[in-house]
Amino acid sequence: MAHALHIVVCAGIAPDPLQTLEPVSGPNGPGLKNEMVLPAVLDPWAACALYEAARLAASVAGSKVWLVSLGPKAKLQQVMMTVGQKAAFDFVPIDGPIGGFGDAHSTAAALADAIAALPGLDREHLLLFGGWESATRGAGVTLQLIGERLGITDQFQGVDQITLRDDGSFEVLERVEGGRHQVSVCAGTPAVLGWATGNLPEPRNNPQIGMQNMRAMMPALQKAKPATLQPNGLRYVSVSLPKQQRETRIEKNMSADEIACELVDWIGAE
Amino acid sequence: METILVLTHVDDGGAALTRASLETVTAGLELSRQSGSSFAIGILGLDAEAAAGAVAATGARLFAVSGEAFAQARYATDAAGCEALCRAAQATLILAPASARFARIAAGVAHRLGGVIDTHIADVQMASNAGGQAIEATRWFYRQRIEAVIGRELRPWFLLLDAGTHAAYAGEPVAAQVESIAVAVPAVRTVVEGFRAPMRGTQTIRPDARLLFVAGAGWTKKQPDGQVHVSEAGEQILSFLRLSGASLGSSKSLTDQKADGQAGEDQPVLPFLTHLNQIGQTGSTPRHPKGLSTCCHGEEPHAVGWRFISERRAISLDANCGWTRGKADVVYVADAFQVMARVNALLEARKP
């Protein structure tokens, strides 16, 4: 039987994908217009990691899940009102800046310090989860950097599946080029897994789990340690929206045959 | 003065550089000429020396890390190998392809060298500014919705270049003088057992295809006769892929229907579709010359996956869908079932 797992999920928050984003310059570098009032969600790939962590923890007795998140306390609280109803976890907030324009190395350092300081964390049986990329910076490097800082040298990115084995080893499917998965077997924890979408649907809201999480979440938010992120020499020369707006031809009166002919010609044209 | 190192790796065969690696060689060569920097290429793989001839004509200093330990793409060994290559070249600027193999390890290597990293680079140039000349890189934020040009003061600076942003280097193979770098192989706890294609029957993701065909959730909705026709939709889509050679993408809503079905809901699904086909906010952003969208609405979370599609057309029953708002070149307001049936018939008839 596999040993109890300690799963730490790193998850940022991102603007709701349906929101219009407009970059602005501020005293601390670029940001988003009205960033603090834009509705936010848990970063989509990190959310997949959280759901997979909850499933995995439920399958191995004695396992535990932490959710570590860096952002302004008010935004974290707003997002956790929903996320807290989807899976059971201990919430570890870090009070820091919002947005994707910060430096990944500084973010990783703050997250790694918070994880290293988690009381009761068994680092020998640690699985460090997160999204393989975020919907903000989208660099796909933060989790790797945290892993390096914690001394974990078995790392997997673009993970869609983990299968535990009785001897403590596990099989991992990672996305690689050409729509394939690379199949690896790791001898056991600790390991870093940056998740792609996985295979689980978004869990339905469970008010009971929500109540259970909320009891600990509010005190955790009040005690959240502040983090100041250094730019690490990162300099923004320009930040802009793509300017390309196409002149769309809208065809409402063509028959299916006419459209098909036009499409076949277009597909065949170099 | 920079010392530029292009990190490359061999393909599954073990002795030839990947296309993405050759594209990065082009980027490195151009940048070294612009900046007057010294230029080196590092190769990682089972038989890295054998692959060196393909890039020897660049005139770059060549380094190789070879051996059985580097036959498999795995964090512990690949990170150790690339760290050794960077140290041997004493590089200040490291360019590498954003392949699955290097995307897995590059940040870790940058950390070990006390450097910094930026990824998904679409362009890298020598630029003039108030302080003189500096290297600047272009990348996207917020899932291809905001574009930024960045610079870094710290070195070494790692830049992972997206595939398709440069032409592949195609110099004549010549005899190469390669410096083989010895690496202390770390303890290996991960074994790569191989590859698995999740699609049943047919390969639907074709990165080199000229056309991206994207299916939306409309294919599984009720049609004018009040019934759903999922199996017919699946046949039409697969026929089109077979006849056109297109790569298949899908909207999130369509792939999520499969996930719901697996959770126990009796939802019709397209059996060959997986999350790997997903395009957009939580999917991929592939590069193809042309893209054809069918039965999806073209709203922002989906359309970000089309950022790097040059020519875009869409078939939608909704004349006010997102595609009509300056995102597609042509929108046909029509029933995709009818249109694609006729397209398939025409392609079949024109088949040589």
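Sequence positions are assigned chain by chain, starting from 1 and proceeding in written order. Numbering of ligands from 1 and lettering of chains from A proceed in the order in which they are written. Residues qualify for local features only when their pLDDT is at least 70, as the model is predicted, and side-chain atom pairs are given and counted only at 80 or more; totals for whole chains, interfaces and linings, by contrast, use all residues. Excluding hydrogens and water, the side-chain values take into account all heavy atoms of the structure.

Let's talk about the overall build of chain B
Runs of E in the DSSP output that reach at least two residues are strands. Runs of H or I that reach at least four are helices, and both are numbered from the N terminus. Broken down by element type, chain B carries nine helices and 15 strands. Oriented by its inertia axes, the alpha-carbon framework of chain B measures out at about 70 × 50 × 45 Å. The contact criterion used is simple: two residues touch if any of their non-hydrogen atoms lie within 4.5 Å. Counting contacts in chain B only where the partners sit at least 6 residues apart, residues at least 24 apart contribute 67% of the total. In the structure as shown, chain B presents an accessible area of about 13200 Å², 51% of it carried by carbon and sulfur atoms. Only four residue types enter the charge count: Lys and Arg as positive, Asp and Glu as negative, with His and the chain ends excluded. Every charge is mapped to an atom, namely NZ of Lys, CZ of Arg, CG of Asp or CD of Glu. If the 33 positive side-chain charges of chain B are averaged to one point and the 34 negative ones to another, these points end up 2 Å apart. Only the protein chains shown count as cover for residues, with accessible areas throughout obtained via the Shrake-Rupley method and a probe of 1.4 Å.

Description of the domain arrangement of chain B
All names here are of chain B. Boundaries between domains were set according to an automatic or database domain assignment. When its domains are assigned, chain B resolves into domain 1 (3–180) and domain 2 (200–350). Distance from the C-alpha centre of domain 1 to the C-alpha centre of domain 2: 35 Å. Taken together, the two surfaces of domain 1 and domain 2 that pack against each other cover about 810 Å², and 47% of this comes from carbon and sulfur. Two parts placed together each lose some accessible area under a 1.4 Å probe, and adding up what both lose gives the buried area. The three residues of domain 1 that bury the most area against domain 2 are Arg-143, Gln-144 and Arg-145, which together make up 66% of that side's buried surface. The salt bridge criterion pairs a side-chain nitrogen of Lys or Arg with a carboxyl oxygen of Asp or Glu, the two atoms within 4 Å. For the pair domain 1 and domain 2, the number of links is zero salt bridges. Amino acids are sorted into nonpolar (Ala, Val, Leu, Ile, Met, Phe, Trp, Tyr, Cys and Pro), charged (Asp, Glu, Lys and Arg) and polar (every other residue, Gly among them). Tallied by class, residues from the side of domain 1 that touches domain 2 come to three nonpolar, three polar and three charged.

Describing the sheet that holds strand E11 (residues 211–215) of chain B
Two strands qualify as a pair provided that DSSP identifies no fewer than 2 bridges between them. With respect to topology, six strands assemble into an open sheet ordered E15(A)-E15(B)-E14(B)-E13(B)-E11(B)-E12(B), the strand pairing being parallel. With one partner strand each, in any of the chains shown, strand E15 (249–251) of chain A together with strand E12 (247–250) of chain B form the two edges of the open sheet. Direction aside, the axes of adjacent strands within the sheet are offset by 20° on average. Of the strand pairs in this sheet, E11 of chain B and E12 of chain B are connected by four bridges, and their pairing is parallel. To define axes, lines are fitted to C-alpha atoms, for helices over the stretch in contact only, and angles between the resulting N-to-C directions are given on a 0 to 180 degree scale.

Some remarks on the packing of helix H3 (residues 104–116) of chain A against helix H4 (residues 142–149) of chain A
Helix packing geometry: the angle between the two helix axes and the distance between the axes. Residue and element names in this part refer to chain A. One way to put it is that H3 packs onto H4 with a least axis distance of 8 Å and a crossing angle of 50°. Put simply, H3 runs oblique to H4. For the pair H3 and H4, the sense of crossing is right-handed. On H4, the residues that touch Ala-104, His-105, Thr-107, Ala-108, Ala-109, Leu-111, Ala-112 and Ile-115 of H3 are Thr-142, Leu-145, Ile-146 and Arg-149. Broken down by class, the residue content of the contact of H3 with H4 amounts to eight nonpolar, three polar and one charged. Between 65 and 115 degrees an angle is taken as roughly perpendicular, under 35 as roughly parallel, over 145 as roughly antiparallel, and anywhere else as oblique. By convention, the crossing between two helices is left-handed when the near helix turns anticlockwise from the far helix through less than a right angle, and right-handed when the turn is clockwise.

Overview of the sheet that holds strand E5 (residues 116–129) of chain B
Spatially, E14(A)-E7(B)-E6(B)-E5(B)-E8(B)-E4(B)-E1(B)-E2(B)-E3(B)-E9(B) is the arrangement adopted by the 10 strands of the open sheet, whose pairing is mixed. Strands with a single pairing partner mark the edges of an open sheet, and in this sheet they are strand E14 (234–240) of chain A together with strand E9 (178–180) of chain B. When strand polarity is set aside, the average angle formed by the axes of neighbouring strands in this sheet is 30°. The pairing of strand E4 (residues 93–97) of chain B with strand E8 (residues 157–161) of chain B spans five bridges and is classified as parallel. Residue Leu-95 of chain B lies in a different strand from E8 of chain B, and its bridge partner there is Leu-159 of chain B. Together, strand E1 (3–9), strand E2 (38–45), E4, E5, strand E6 (132–141) and E8 of chain B form the strand contacts of helix H1 (residues 19–35) of chain B, whose direction differs from that of E1 of chain B by roughly 170°.

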